[in-house]
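Topology and contacts: notes
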Amino acid sequence: MEMDYLRAVGILFILYAVIRENFAQAGNNEGSKHQIRTSPVITYSRDFLLALRSEAVPVDLSHVSAIPHGKAQGRKRKKRGSRGGVRNRLRRRGNRHPLPIITLSNVRSLNNKLDEITTRLRFDEDFRRSNLLCFTETWLHKDSTCIDMERFTVIRADRDKVSSKKSIGGGLCMFIDSAWASQFKVLKRVCTRDYELLSVSIRPFYLPREFGQITIILVYVPGPNNKEAAEMITESFNAALSRSVDQPVFILGDFNTCQLSPHLPTLQQYVTTPTRSTRILDQCFGNIPDAYKAVSRPPLGAAAFLRGEIDASLLFCGGGAYTVCHD
């Protein structure tokens, strides 16, 4: 016990001496700011290093062969290019699209399809990502019940029985996603016997610097005076460009037999898929080249299937947007 006690006392004395010497050196170096502290250099001879190698413990590498080579087991190989592409990049942008996602449909009575539209907004990706829902032939009138939907602001242009001289049918309706845009202005509502038109100017929360606004012209042309209808649509298009020359203007709806290309030859018609049997009655025109591409989608309502008709819906993509056009 006495030996252990003396040994502990000796160790404490040595530690005290070392600490005191270090403090003394720190006090001497405090006055000299430019003095460089150097640590002692440790050197080893060649014989010393060779002796260490001979005394090293050998490592058993017999288990190395059990390590699998190549790709890791259980990891699913990612398809090459799955992260790339304009479509996938735009999907990650949420509501910040250069051009809107538009759903166009000739519904033939909107009241009996509200439940289906609400369901598709929850479970159908094309509907859920839509910024605009445009419907023709809504068959609504001023006494119709409220058709508001969550997340959307509704703009209606119901058929006027006096000006159209028709008691049923017709009507236009547009739903604007509140998360995409809250500033809009109804430029024109027109209802006649031969055509119906709804023109809306929209200022989204996000828009490319080149565009000040977007104008959507929704039309329904039952005829038979298609020339007068085409002239009114052309007048509305020119009026939109007079407010902002560089803005995107899209004309879409049910044109039936109305030909708009002779009056507006510079516009591009994006729909190339038949929307009613073998005919393209629902069309979309725009002043942005290659802005959209049409792809078939299922129709709204079961009546089209029961009648055996091909009421195709269309998916437009390109130019920073996806558009679903249902008929």
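Structure report, in brief. (Residues numbered from 1 in each chain as written. Predicted model: local features only at pLDDT ≥ 70, side-chain atom pairs only at ≥ 80, totals over all residues. Heavy atoms only, no water.)

Helix and strand counts for the protein come out as eight helices and 13 strands. Put simply, the protein has 327 residues, and 41% of those count as buried. For the protein, contacts bridging at least 24 residues in sequence account for 64% of all contacts bridging at least 6. Accessible surface, the protein as shown: approximately 20300 Å² in total, 55% of it carbon and sulfur. (Helix = DSSP H or I, 4+ residues; strand = E, 2+ residues; numbered from the N terminus. Buried < 20%, exposed > 50% of the residue type's maximum accessible area, 1.4 Å probe, protein only. Contact = heavy atoms within 4.5 Å. Areas by Shrake-Rupley, 256 points an atom, 1.4 Å probe, with all protein chains shown as cover.)

Here we come to the nonpolar core. Grouped together as the largest cluster of nonpolar side chains are 29 residues, with contacts concentrated most on Leu132, Met174, Ile216 and Phe250. For this core, the secondary-structure elements that each account for two or more residues are strand 1 (102–106), strand 2 (132–136), strand 3 (152–157), strand 4 (172–177), strand 6 (196–203), strand 7 (214–220) and strand 8 (249–254). Looking at this core element by element, the count peaks at four residues for strand 7. Discounting residues that sit within four places of it in the chain, Ile216 has contacts with Ile102, Leu132, Met174, Leu198, Ser199, Val200, Ile202, Phe250 and Leu252. With 20 residues, the next largest nonpolar core counts Ile217, Ile233, Val249 and Phe255 among its residues. (Core = buried A, V, L, I, M, F, W, Y, C linked by side-chain atoms within 4.5 Å.)

Spacing of three or four residues puts side chains on the same side of an α-helix, whose turn is 3.6 residues. Of the positions making up helix 4 (residues 114–123), those classed as buried are Leu114, Ile117, Arg120 and Leu121. An end-on view of helix 4 places all buried positions within 125° of arc, on one side of the element. Facing away from the buried side of helix 4 by over 90 degrees, the exposed positions are Asp115, Arg122 and Phe123. (Arc of directions from axis to C-beta.)

What follows is about unusual backbone geometry. The peptide bond linking Gly223 to Pro224 adopts the cis configuration, its omega dihedral lying at 5°. With respect to the helices and strands, the residue Pro224 is situated in the loop between strand 7 and helix 7 (226–243). Phi is positive for Asn256, close to 55°, though the residue is something other than glycine. Here Asn256 lies in the loop between strand 8 and strand 9 (268–269). Overall, the relative accessible area of 21% leaves Asn256 in the partly exposed class. Its identity is not glycine, yet Asp290 carries a phi of approximately 55°, on the positive side. With respect to the helices, strands and loops of the structure, Asp290 is situated in the loop between strand 10 (282–286) and strand 11 (296–297).

Here we take up the pairing of strand 8. The buried count for strand 8 comes to six of six residues, which makes it a mostly enclosed element. Of the strand pairs in this sheet, strand 7 and strand 8 are connected by six bridges, and their pairing is parallel. When the sheet's bridge partners are listed, Ile217 is paired in strand 8 with Ile251. The β-α-β motif built from strand 7, the intervening helix 7 and the parallel element strand 8 has right-handed crossover chirality. (Pairing = 2+ DSSP bridges. Right-handed = clockwise from strand over helix to strand, strands pointing away.)

A word on the pairing of strand 7. The element strand 7 is extensively covered by neighbouring structure, given that seven of its seven residues are classed as buried. Taking every second residue as pointing to the same face, both faces of strand 7 are buried, with Ile214, Ile216, Leu218 and Tyr220 on one and Thr215, Ile217 and Val219 on the other. Sheet topology note: the strand 6/strand 7 ladder contains seven bridges and is antiparallel. Paired with Leu197 across the strands is Val219, a residue of strand 7.

Now for the side chain of Glu196. In this fold, Glu196 is placed in strand 6. Engagement of the side chain of Glu196 in a polar contact is seen with the side chain of Arg159, the distance being 2.8 Å. A polar contact is formed between the side chain of Glu196 and the backbone nitrogen of Gly171, at a distance of 2.8 Å. Excluding its chain neighbours within four sequence positions, the residues that come into contact with Glu196 are Ala157, Arg159, Gly170, Gly171, Leu172, Val190, Cys191, Leu218, Val219 and Tyr220. (Polar contact = N/O pair within 3.5 Å; in protein donor to acceptor, adjacent residues only side chain to side chain.)

Now for the sheet that holds strand 9. Pairing is mixed in the open sheet, where six strands are placed in the order 5-6-7-8-10-9. Looking at which strands have only one partner, the edges of the open sheet turn out to be strand 5 (183–191) and strand 9. The strands that helix 7 touches are strand 5, strand 6, strand 7 and strand 8; relative to strand 8, the one it contacts most, it runs at about 155°. (Axes fitted to C-alpha atoms, helices over the stretch in contact; angles between N-to-C directions.)

On to the packing of aromatic side chains, then. What describes a pair of aromatic rings is the distance from one ring centre to the other and the angle between the planes of the rings. Tallying each qualifying case throughout the model produces five aromatic pairs. Consider the rings of Phe135 and Phe175, whose centres lie 5.9 Å apart with planes at 70°: the pair is edge-to-face. Separated by 40 residues along the polypeptide, Phe135 in strand 2 and Phe175 in strand 4 bring together distant segments of the chain. Neither Phe135 nor Phe175 differs from the other in exposure class; each is buried. (Phe/Tyr/Trp six-rings, centres within 6.5 Å; stacked < 30°, edge-to-face > 60°.)

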